[in-house]
Amino acid sequence: MIELKNVQKSYDGGATLAVANTSLTIERGEFLGLIGASGCGKTTTLKMINRLEEPSSGEILVNDRNVVDQNPEQLRRNIGYVFQGIGLFPHRTVAENVAAVPRLLQWSAGDIRARCEECMEMVGLPFDEYGDRSPSQLSGGQQQRIGVARALAARPEVVLMDEPFGALDPITRSELQEEFKSIQQNMALTVVMVTHDMTEALLLADRIAVMREGVVLQIGTPKELLNNPSHDYVRDIVAMPRRRAQRLEELMRNE
Amino acid sequence: MSDNLREQLLLLPAYFQGHLLLTLAAISMGVLISVPLGVWAEQSARVKRPLLAVVSIIQTFPSLAILALVVALLGGRIGFLPAFIALTLYSMLPIVRNTVTGLESVSASVIDAAKGIGMSPNQILREVKLPLAMPVIVAGIRTAMVWTVGLATLSTLVGATSFGNYIFTGLQTRNLVAVMVGSLASASLAVGLDGLVASMQWLLEKRSEAADSARLKRIRLSVYGITVIIVSLALYGLIPKPRADFVVAGKPFTEQYIMAGLLAQELEEAGFSVEQRLGMGTAVVYEAIRNGTVDVYVEYTGTVWANFMSRESNPGREGIRSGVVEFLEEQNVTTVGFTGFQNRYALAMRRDRALELGVTSIEDLIPIAAELSAGSDLEFFGRTEWFRLRDLYNMDFADKLTFDVSLMYTAVAERQVDVISAYTTDGRVAAYDLLLLDDPRNALLAYDAMILASGNAAAQPEFMQVLDTLVDSIPDEAMRQANRLVDVDGESITVALEYLRGEMAKN
């Protein structure tokens, strides 16, 4: 579904590489987690997929079409995008926010309305109750639910997520994680999610790519990463969730 | 008093209309230019700094200077156009600055989201940034509007009609009722327009509310109604009125208001229609008569000699007269004739103070000048006449203060200064019992009042016939008394004009 071929990105004409010679393939319906510390190149990699950043060299294919050959605005309208800042339009109602992409795609008013109701239902904020509200009247968790609804409104096959749950409190975060995972599975969405939270990646992703200094160190399923880390860095970052899980298990056994 | 008020209120519709048209036209043009400039500046750092610097510099220019500069740049054109351009320039800073600030303050995450969902740069600007910046932009427009309404009063000085007509005429003829009416009218217009824009903005924000309450509908209807009325009132001024046969002009002091009234009455009685442009600055009215926007006004030989011919010598009264007439001829301005009175500068002291110091002429001041303080109008100490006086008598005063004319007379009357640069036909000279000092060394120029006509008007024999009756018809004393009626006794220009015509009929 998404293919990165020898992609490089440099912001200083090649002196340093934000993303170095990266190749990745993401299958249709797959959930890929991109993980690493701040500045490791994971967000840049994500943004190159919908051309918010342009690669310095290499190719990116979405649905077998090179993204460079597509109008960037058209491309983005067909790819859902959710990020930590949420960025709901404060001058529009909640329903108008959800309707943003279908409106850009010039759907009919009836179709837009029906799809808004559907998407808001899906994220648990019914249209009749929340549609006319202003985003500022929603809690942080509700705002990100609307962010997700907006990203899904135009029925994209691909959704890009940049630390979407990072700013939420832990309880709201895990609620939203679980709900989003089930939506993703029901709709067979292809998702690339950037995160620095290894637990989140392990729980949600089908496969995880670990990045450091612009290089993908290892790609694999959560199980492979936990059991066969190919690199000290990977071992280190899976160690914490592993220790926590063991500790929780002990606690439960002792009861 | 109530007669005076009624007289002033009769002028209100015309002044209101002029002021409104000027303000709305300038603000609309200001918005049309400044908002796009602000958008451009926000997108390009290279544009932003120089643009903000330029509009800020415009703002630091004194508003009068901007008006005068625009008149000069338009080749001496007066009236609506220069005032409109100057006010437009003045309205730009708050609008440009608030547009830039408003756009810059739109949260980055909202813009990221707009980009991320596939809005084009144009859509982001139109649908996200501008709507979110709108409250800040409107605040800038409101600031500009209040400034513009206030500044529009100054446009009277370049011959555009506004509430400034009340204020300048009132200040110069000591008619406080006129000043009050003008100031209150201007202030009310500022408050009213500001409120109107505020309520439009409020309605715009309420637009998205699903159900229109009956109250909201009523408010919306009345705001739209008022807007339509105001705009049509302003536009009404654009309907060309039948052009008057002649335009009579005058400068902003009592004698000039009386003389302009006299010229207008004489022409009207001969059957011509006349438009009056009063309270104009000297340089402005002179340019206007050269290019024919003004047909007739009263000027003084010394002013032409020193200001427009830039002469520093003093060839005496006759020498100046002939030099000036010849010069004006070259400028395509016809000298119809001299009115008979002279309004010169003269150094003047309180009679008791002069007696006490034993002074009757400027020569007597030489040994004591260094201990005296002197007051002048806004110009005198900057004129070549003063420099010549200083050199010819080889003296200077300890203090030199400049005043508004009426305050200058008050200052000498109340002994705050010893000597002032009085006007010889000013009624206050007699009222305050001032002694005009002789000038044996001929430092000060002659200022014969003369009627000037544009080349176009002078070509019409009927026009010249009417004005010929005014030549040599007003002695110094008659003019002084007419001025005194206004400046000292608080009578209206109309009363002074009647008196003057009565005196003229006696001869």
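For clarity, every value in this text was computed on a predicted model and none was experimentally measured.

**A few points about the overall build of chain B**
Thinking step 1. Helix and strand counts for chain B stand at 22 helices and 10 strands.
Thinking step 2. Expressed along its principal axes, the backbone C-alpha trace of chain B runs to roughly 90 × 55 × 45 Å.
Thinking step 3. When burial is assessed residue by residue, chain B has 45% of its 507 residues classed as buried.

**Some words on the overall build of chain A**
Thinking step 1. Looking only at helices and strands, chain A has 11 helices and 10 strands in total.
Thinking step 2. Here the C-alpha atoms of chain A give a radius of gyration of 19 Å, agreeing with the 18 Å that 2.2 N^0.38 yields for 255 residues.
Thinking step 3. Seen through its C-alpha atoms, chain A measures out along the principal axes to roughly 60 × 55 × 30 Å.
Thinking step 4. Per-residue burial over chain A gives 42% buried out of 255 residues.
Thinking step 5. Sequence-distant contacts in chain A: of pairs separated by 6 or more residues, those separated by 24 or more amount to 67%.

**A look at the sheet that holds strand β3 (residues 31-35) of chain A**
Residue and element names in this part refer to chain A.
Thinking step 1. Taken in spatial order, the six strands line up as β6-β7-β8-β3-β9-β10 in an open sheet, and their pairing is mixed. Among the strands making up the open sheet, the edge pair consists of β6 (79-83) and β10 (215-220). When strand polarity is set aside, the average angle formed by the axes of neighbouring strands in this sheet is 15°.
Thinking step 2. Here β6 pairs with strand β7 (residues 158-162) via five bridges, running parallel. Note that in β7 the partner of Ile79 across the bridge is Val158.

**Comments concerning the interface of chain B and chain A**
Thinking step 1. Residue-level contacts link 15 residues of chain B with 19 residues of chain A.
Thinking step 2. Contributions of two or more residues to the side of chain B that touches chain A are made by α5 (108-116) and α6 (121-151) of chain B.
Thinking step 3. Examining the composition of the side of chain B that touches chain A, we find that six residues originate from one element, α5(B), more than from any other.

**Some words on the domain arrangement of chain B**
Thinking step 1. Its domain assignment divides chain B into domain 1 (2-236), domain 2 (246-344 + 446-506) and domain 3 (345-436).
Thinking step 2. Of note, the centres of domain 1 of chain B and domain 3 of chain B, computed from C-alpha atoms alone, are 45 Å apart.

**Describing the nonpolar core**
Thinking step 1. Membership of the largest hydrophobic core comes to 219 residues, with the highest contact counts inside it found for Val98(A), Val192(A), Val296(B) and Tyr297(B).
Thinking step 2. Excluding its chain neighbours within four sequence positions, the residues that come into contact with Val192(A) are Ile2(A), Ile26(A), Leu32(A), Leu34(A), Leu46(A), Ile49(A) and Leu160(A).

**A look at α5(B)**
Thinking step 1. All of the buried residues along α5(B) are Val110(B), Ala113(B), Ala114(B), Lys115(B) and Gly116(B).
Thinking step 2. Of the surrounding elements, those touching the buried residues of α5(B) are α2 (72-77) and β6 of chain A together with α6 of chain B.

**Let's talk about helix α22 (residues 493-506) of chain B**
Residues and elements named next belong to chain B.
Thinking step 1. In a regular helix each residue adds 1.5 Å, so 14 residues correspond to 20 Å; α22 covers 20 Å between its end C-alpha atoms and thus fits that length.
Thinking step 2. For α22, the full list of buried residues reads Ile493, Ala496, Leu497 and Leu500. Buried residues of α22, seen end-on, are gathered within an arc of 100° and therefore sit on one face of the element. Seen from the buried face of α22, the exposed residues on the opposite side, beyond 90 degrees, are Gly502, Ala505 and Lys506.

**Here's the deal with the domain arrangement of chain A**
Frequently, the measure chosen for interface size is the accessible area that the parts lose on association.
Residues and elements named next belong to chain A.
Thinking step 1. Each domain of chain A was delimited in the assignment, giving domain 1 (1-73 + 162-220) and domain 2 (79-156).
Thinking step 2. With centres defined by C-alpha atoms, the gap from domain 1 to domain 2 works out at 23 Å.
Thinking step 3. Between domain 1 and domain 2, the residue contacts involve 12 residues of the former and 11 residues of the latter.
Thinking step 4. Among the elements that take part in the side of domain 1 that touches domain 2, helix α8 (residues 170-187) stands out by supplying four residues, more than any other.
Thinking step 5. In the side of domain 1 that touches domain 2, the residues fall into seven nonpolar, three polar and two charged.

**Section: unusual backbone geometry**
The general pattern is negative phi for most residues beyond glycine and trans for most peptide bonds.
Residue and element names in this part refer to chain A.
Thinking step 1. Unusually for a residue other than glycine, Gln106 sits at a positive phi of about 60°.
Thinking step 2. You can see Gln106 is positioned in the loop between α4 (100-104) and α5 (109-122).
Thinking step 3. The backbone of Glu213 shows a phi angle near 50°, a positive value even though the residue is not glycine.
Thinking step 4. With respect to the helices and strands, the residue Glu213 is situated in the loop between β9 (207-212) and β10.
Thinking step 5. According to the C-beta neighbour criterion, Glu213 is partly exposed, with 16 such atoms within 10 Å.

**Section: the packing of helix α7 (residues 164-172) of chain B against helix α8 (residues 176-206) of chain B**
All names here are of chain B.
Thinking step 1. Packing of α7 against α8 leaves a shortest axis separation of 7 Å and a crossing angle of 155°. Regarding the angle of α7 to α8, the classification is roughly antiparallel. Note that α7 runs across α8; the crossing there is left-handed. Contacts between α7 and α8 involve Gly164, Tyr166, Ile167, Thr169, Gly170 and Leu171 from the first element and Leu176, Ala178, Val179, Val181, Gly182 and Ser183 from the second.
Thinking step 2. Considering only residue class, the contact of α7 with α8 consists of seven nonpolar, five polar and no charged.

**Details of the sheet that holds strand β5 (residues 345-350) of chain B**
Residues and elements named next belong to chain B.
Thinking step 1. Taking strand neighbours across the sheet as the criterion, the five strands line up as β7-β6-β8-β5-β9 in an open arrangement whose pairing is mixed. Looking at strand neighbours, the two that pair on one side only are β7 (399-402) and β9 (434-436), the edges of this open sheet. If you compare each strand with its neighbour and ignore which way they point, the axes differ by 35° on average.
Thinking step 2. Two elements, β5 and strand β8 (residues 419-423), share five bridges in a ladder whose sense is antiparallel. Within β8, the position partnered with Met349 by the bridge is Val419.
Thinking step 3. Here helix α17 (residues 405-413) sits on the sheet in contact with β5, β6 (373-376), β8 and β9, set at roughly 155° to β6.

**With respect to the confidence of the model for chain B**
Detailed reading of the predicted coordinates is not advisable wherever pLDDT falls low.
Residue and element names in this part refer to chain B.
Thinking step 1. For chain B, per-residue confidence averages 90 on the pLDDT scale, and 98% of positions sit at 70 or higher.
Thinking step 2. The least confident element of chain B, judged by mean pLDDT, is α7 at 84; the most confident is strand β3 (residues 296-300) at 96.
Thinking step 3. In the predicted complex, the global pTM is 0.76; the interface-specific ipTM is 0.87.

**Re the pairing of β6(B)**
Residue and element names in this part refer to chain B.
Thinking step 1. Relative to β7, β6 runs parallel, the two being bridged by four bridges. Bridge pairing in β7 places Ser376 opposite Thr402.
Thinking step 2. Once you follow β6 into helix α16 (residues 384-393) and on to β7, the crossover reads as right-handed.
Thinking step 3. Note: β6 against β8, two bridges, orientation parallel. In the strand pairing of β8, Gly375 is matched with Ile420.

**Considerations on the packing of α8(B) against helix α9 (residues 214-236) of chain B**
All names here are of chain B.
Thinking step 1. α9 packs onto α8 with a crossing angle of 140° between their chain directions and a minimal axis gap of 10 Å. Overall, the two elements α8 and α9 adopt an arrangement that is oblique. In terms of crossing hand, the pair formed by α8 and α9 is left-handed. Each of Leu196, Ser199, Met200, Leu203 and Lys206 in α8 lies in contact with α9, whose residues at this interface are Leu216, Arg220, Val223, Ile226 and Thr227.
Thinking step 2. For the contact of α8 with α9, a count of residues per class yields six nonpolar, two polar and two charged.

**Observations concerning the pairing of β9(A)**
All names here are of chain A.
Thinking step 1. Where β3 meets β9, four bridges bridge the pair, whose relative direction is parallel. Paired with Gly33 across the bridge in β9 is Ile208.
Thinking step 2. Where β9 lies against β10, five bridges are found, and the strand directions are antiparallel. Directly across from Met211, in β10, lies its bridge partner Val216.
Thinking step 3. The antiparallel pairing of β9 with β10 creates a hairpin that spans two residues between the two strands, and Glu213 there sits at a positive phi of about 50°.

Each value, and the rule that gives it
- Starting from 1, residues in each chain are numbered consecutively following that chain's sequence as written.
- Written order determines the labels here, with chains lettered from A and ligands numbered from 1.
- Note on the predicted model: pLDDT of at least 70 is required for a residue's local features to be given, and 80 or more for side-chain atom pairs to be given and counted; whole-chain, interface and lining totals, by contrast, use all residues.
- The helix and strand labels rest on DSSP assignments: H or I over at least four residues marks a helix, E over at least two residues marks a strand, and numbering proceeds from the N terminus.
- With C-beta atoms placed from the backbone, a residue counts as buried when 20 or more other C-beta atoms lie within 10 Å of its own, as exposed when 12 or fewer do, and as partly exposed for counts between those limits.
- What the globule rule says is 2.2 Å times the number of residues to the power 0.38, and the radius of gyration is computed from C-alpha atoms.
- It is the C-beta atoms, placed from the backbone, that decide contacts: two residues are in contact if theirs lie within 7 Å.
- Here, strands pair whenever DSSP counts at least two bridges between them.
- All axes here are fitted lines through C-alpha atoms, helices being fitted over the stretch that makes contact, and every angle between N-to-C directions spans 0 to 180 degrees.
- Where each domain begins and ends follows an automated or database-derived domain assignment.
- For our purposes the nonpolar core covers buried Ala, Val, Leu, Ile, Met, Phe, Trp, Tyr and Cys residues that link as a set through C-beta atoms within 7 Å.
- Helix span, expected: 1.5 Å multiplied by one less than the number of residues in the helix.
- Picture the helix axis, draw a direction to every C-beta atom, and the arc is the one those directions span.
- Each residue receives one of three labels: charged for Asp, Glu, Lys and Arg, nonpolar for Ala, Val, Leu, Ile, Met, Phe, Trp, Tyr, Cys and Pro, and polar for the others, Gly being one of them.
- Put simply, angles under 35 degrees are roughly parallel, angles over 145 are roughly antiparallel, angles from 65 to 115 are roughly perpendicular, and the rest are oblique.
- Left-handed describes a crossing whose near helix is turned anticlockwise from the far helix through less than a right angle; right-handed describes the clockwise counterpart.
- Per-residue confidence from the prediction method is given by pLDDT, with values spanning 0 to 100.
- The handedness of a crossover follows from its direction of travel: if, with the strands pointing away from the viewer, the path from the first strand over the helix to the second runs clockwise, the crossover is right-handed.

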